[in-house]
Amino acid sequence: MPRASSKKGPATGKAATKELERIDQLFYSYVNNSCGMIDPEGIESLCSDLEVDHTDVRILMLAWKMQAEKQGYFTLEEWRRGLKALRADTTAKLKKALPDLEKEVRRQSNFVDFYSYAFRYCLTEEKQKSIDIESICELLDLVLGSQFRAQVDSFVQYLRMQIDYKVINMDQWMGFYRFCNEISFPDFSNYDAELAWPLILDNFVEWVRAKRS
Amino acid sequence: MTMSQMKTIELEEGWSFMQSGIRKLIRILEGEPEPQFSSDDYIMLYTTIYNMCTQKPPHDYSQQLYDKYKEAFEEYISSTVLPSLRDKHDEFMLTELVKRWLNHKIMVRWLSRFFHYLDRYFISRRSLPGLNEVGLTCFRDMIYQEVKHKARDAVIALIDREREGEQINRALLKNILDIFVEIGMGQMDYYENDFEDNMLKDSAAYYSRKALNWIVEDSCPDYMLKASLFYLYYAEECLRKEKDRVAHYLHSSSEPKLLENVQTQLLVIHSSQLLEKEHSGCRALLRDDKVEDLSRMYRLFFKIPKGLDPVANIFKQHVTAEGIALVQQAEDAASNRADKEGGPQEQAFVRKVIELHDKYMVYVSDCFSNHSLFHKAMKEAFEVFCNKVVAGCSSAELLASFCDNILKKGGSEKLSDEAIEETLDKVVKLLAYISDKDLFAEFYRKKLSRRLLFDKSANDDHERLILTKLKQQCGAQFTSKMEGMVTDLTLAKENQTNFQEYLSGNPNISPGIELTVTVLTTGYWPSYKSSELSLPIEMEKCVEIFKCFYQTKTKHRKLTWIYSLGTCNMIAKFDSKPIELIVGTYQAAALLLFNTSNKLSYSEIKTQLNLADDDLVRLLHSLSCAKYKILIKEPNSRTVSTTDSFEFNSKFTDRMRRIRIPLPPVDERKKVVEDVDKDRRYAIDASIVRIMKSRKVLGHQQLVMECVEQLSRMFKPDFKAIKKRIEDLITRDYLERDKENPNLFKYLA
């Protein structure tokens, strides 16, 4: 006997199949037929339906939920994965699921994963390992802005001003998150440059301290 | 009195007989006229005891005899000895005490011989104190314990009088102190507790007073220094005398304790005054070159645990200050001169540093006995100022220039072979203090190449000599390229001979010009940029011919022509007379253009030669704006500009038949520093990879430490640079950061 479907538990049996069908249908309503995936245009369309800006962090979170590989595109498999997990088979339900998704992502245990995903998601070329400064600045603002406004603003200012680095790699990216979490701001009283902090952060701290005095 | 062998001897009887023997002995000891014991006397006394001990009970009187033996001493001591001591004092008492002691020892010796049989059986069977011990114990308990304090005080008083310069009876003191020692019967307790402790306290008090008398504070600097010198001298004398005292009458075990006491009072307590005070301390001695007094200071403080540490520290500070003063001097001198750097001022700086080193090394060997603390102080001092930048030049560069001056022809050093060898030796020793050794190597290599290629080397042996010394000090890798360069030249000469043979063997192939080619092995020599100079036809031909020749020798090597290093001898036909010009290849190429045109513009020359502006301006300047104006420049300004035009100066002449027109050398410094920085990045990378490969997992700080250690022989890596290289290696997937611990790195195979 199929269990009555509730908001919390996964759907099973007939209800499940119906849900999957609707999810697929939803996919096809946005798909670009020539490539078989939802392309940037489709995503934009989806965003307007969700009444969310396509640069909104929640879209990135959605991509994370889908474990989407290529920036700007969703495959059917990814779509299914994400929407199934969100129990959303209509745009209305998807829109409703967004706040909960955000809460889920912001949970400490998930956020690191999301944070590193955000970086990888921006590596558009094959064998690309780093992201240019300007994109990093935008990404930081998007991903960490709400949580660590002061640090992000200061660091972004520094990034734009310095000339040593033209790109940021994953190690530096992750380092910054750890920095925000562990180091007291803006005094940096517990910062020790002799530890293995990425050099760019050593330079950043120096720059802030110099500016202050 | 005769003895009956068989008859039992009663105690009364036997003891009475013994007593007469004892009384006889006492009379002898008291100095009364009494004949010595004859052997019969002795035998009889001995036998009496023997018999009384071996008789059958109840006539076995061993115990009683043992007791009476002791009583004999007690009686004599209380009746005669003690009274005689009690009425004497000070030195007289001491004399009496010695006499009584010696007497007592004789008495013990004799009586124990008489009573010897007791020792053999009775005493050992009952594990009782032996006769000797009993006798000594009597003296100790009855006499020694009573007079020990008086004796002690009397001795100490005499010691103090001797310290004040009086002559005292040393033999007496030795004898007294022997009592304190011997009374312990193997243990030093009595000596230490009853005499030594007080003696040490008294000595400390004595010297404490003396020191306070002699230490002069807050007086005029001159006086303070003199007082300080005297004090050191005095301290040394006192220690010597105390040692002498021990040798003559104190027990040897007192020596270390006594000397330590004296040292503490005289030196340790006042060490800050003696060492650190500006006008009286070590610093003043160094400032005034008081070599002998420094030696004394060393000798004195050597014996004090950690005594030398402050001395070495002050020495280090002094040498450092002197070195920094030299740096300042050179800086001041350089800023007063507006013209180019690397001049004689900087050379003088190196020479003065060498002199400073020589001077203070002598101090280390003569004053400080080559103690490792002082070698370390020298090293640390020199490392401080030898790494300072002087007038824009790093010390590495200065040192390389200094060597260049010694080794090149017409250099500022005109010294004998011996002097040169010595100087080179000293220069190499200075290199040990410089942290950027790789920078020195690169500058040296650049200058060496100039010397070799332009035949400016004064003496081949000297060149090889310094390379040997550098190899010894810094390892073979340091000098391998340089040695390669020197070898290249030797080979080049051989090669030239072969080339000549090849030419004479092929008379139809003729360059038309006398041609010498030096083939260099790329890896050994500094990198030179090769240019795309368009050669004049005459030279082009030569190059082709040489290429053919070289192909016959080896097919696997590629020749890259560096015309910027070439020289040309050419004859210029001026109106008044022809003059031979010795110029660089670039200059020659430019001049040859005027064989076909009278006047050429800058841009025409540039097009024809295909040289970059900076090269072209330099060479045209040397021909038209410098000492010898071979070309006339229009307009006749001081510098060459791209709109100028040039004409052959047929009116030029000079009294010489042959003139050299050199190109001013380009500033190498920037390139050298760049090259070295690049090499350092590779070296750091290699070091990090090496370390991680063997350790597999390593913490950040540990990695940095080991990296610095590995590279320290050549340079001191910048801490940030290492971090950057680590990050680079992470990006290149050689290493990764541990997921759990961001301070830990893992090697990725």
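Before any of the text, the structure's been laid out above.
Owing to the predicted nature of the structure, the values given are computational and were not obtained by experimental measurement.

## Section: the overall build of chain A
When helices and strands are tallied, chain A shows 10 helices and two strands. Along chain A, helices and strands appear, N-terminal first, in the series α-α-α-α-α-α-β-α-α-β-α-α. Its C-alpha atoms put chain A at 70 × 40 × 30 Å along the principal axes. Out of the 213 residues in chain A, the part that is buried amounts to 47%. Long-range pairs, those at least 24 residues apart, make up 66% of the contacts in chain A between residues at least 6 apart in sequence. Accessible surface computed for chain A: about 11500 Å², of which carbon and sulfur atoms make up 51%. A gap of 9 Å separates the mean positions of the 29 positive and 33 negative side-chain charges of chain A.

## Let's talk about a nonpolar patch on the surface
Taken together, the side chains of Trp214, Phe230 and Tyr233 of chain B make up a nonpolar region of the molecular surface, amounting to roughly 300 Å² of accessible area. Mapped onto the elements of the fold, Phe230 of chain B is located in helix H9 (residues 221-248).

## Focus on the packing of helix H4 (residues 90-114) of chain B against helix H7 (residues 170-182) of chain B
Residues and elements named next belong to chain B. Here H4 crosses H7 at 55°, and the two axes come no closer than 10 Å. Considered as vectors, H4 and H7 are oriented oblique to each other. For the element pair H4 and H7, the recorded crossing hand is left-handed. Note on element contacts: H7 touches H4 through Leu172, Leu173, Asn175, Ile176, Ile179 and Glu182, opposite Glu91, Leu94, Thr95, Leu97, Val98, Trp101 and Lys105. Taken together, the residues that form the contact of H4 with H7 break down as eight nonpolar, two polar and three charged.

## Observations concerning the pairing of strand E2 (residues 578-584) of chain B
Along any regular strand the residues' side chains alternate between the sheet's two faces. Residues and elements named next belong to chain B. Most of E2 sits inside the fold, with six of its seven residues counted as buried. Counting the residues that bridge the hairpin from strand E1 (residues 567-573) to E2 gives four residues. Pairing of E2 with strand E6 (residues 658-660), which is carried by three bridges, proceeds in the parallel orientation. The residue of E6 that forms the bridge with Leu581 is Ile659.

## Quick notes on helix H26 (residues 669-695) of chain B
Residues and elements named next belong to chain B. The end-to-end C-alpha separation of H26 is 38 Å, in line with the 39 Å expected for 27 residues at 1.5 Å each. Three or more residues of H26 are buried, namely Arg669, Val672, Asp675, Val676, Arg680, Ile684, Asp685, Ser687, Ile688, Val689, Ile691 and Met692. At the exit of H26 stands Lys696, carrying a positive phi of roughly 70°.

## Overview of the sheet that holds E2 of chain B
All names here are of chain B. Strand order in the open sheet formed by three strands is E1-E2-E6, with mixed pairing between adjacent strands. Each having just a single partner strand, E1 and E6 make up the two edges of the open sheet. Each strand axis lies, on average, 25° off the axis of its neighbour in the sheet, ignoring direction. Docked against the sheet, helix H23 (residues 585-593) engages E1 and E2, running at close to 130° with respect to E2.

## Some details on the packing of aromatic side chains
Residue and element names in this part refer to chain B. What the rule picks out here adds up to 64 aromatic pairs over all chains. Look at Tyr206 and Tyr207: their rings are 5.0 Å apart centre to centre, the planes differ by 90°, and that puts the pair in the edge-to-face class. Relative accessible area serves as the criterion here: at 6%, Tyr206 is assigned to the buried category. With a relative accessible area of 3%, Tyr207 lands in the buried category. For the pair Phe230 and Tyr234, a centre-to-centre distance of 6.3 Å together with 15° between the ring planes defines the contact as stacked. Of this pair, Phe230 and Tyr234 both sit in helix H9, four residues apart, which is roughly one turn of that helix.

Rules and cut-offs
- Residues numbered from 1 in each chain as written.
- Chains lettered and ligands numbered in written order.
- Predicted model: local features only at pLDDT ≥ 70, side-chain atom pairs only at ≥ 80, totals over all residues.
- Heavy atoms only, no water.
- Helix = DSSP H or I, 4+ residues; strand = E, 2+ residues; numbered from the N terminus.
- Buried < 20%, exposed > 50% of the residue type's maximum accessible area, 1.4 Å probe, protein only.
- Contact = heavy atoms within 4.5 Å.
- Areas by Shrake-Rupley, 256 points an atom, 1.4 Å probe, with all protein chains shown as cover.
- Lys, Arg positive; Asp, Glu negative; His and termini not counted.
- Charge placed at Lys NZ, Arg CZ, Asp CG, Glu CD.
- Patch = residues over 30% accessible without salt bridge, like charges linked within 9 Å, V, L, I, M, F, W, Y side chains within 5 Å.
- Salt bridge = Lys/Arg side-chain N within 4 Å of Asp/Glu carboxyl O.
- Axes fitted to C-alpha atoms, helices over the stretch in contact; angles between N-to-C directions.
- Parallel < 35°, antiparallel > 145°, perpendicular 65-115°, else oblique.
- Left-handed = near helix turned anticlockwise from the far one by under 90°.
- Nonpolar A, V, L, I, M, F, W, Y, C, P; charged D, E, K, R; others polar.
- Pairing = 2+ DSSP bridges.
- Expected span 1.5 Å × (residues − 1).
- Phe/Tyr/Trp six-rings, centres within 6.5 Å; stacked < 30°, edge-to-face > 60°.

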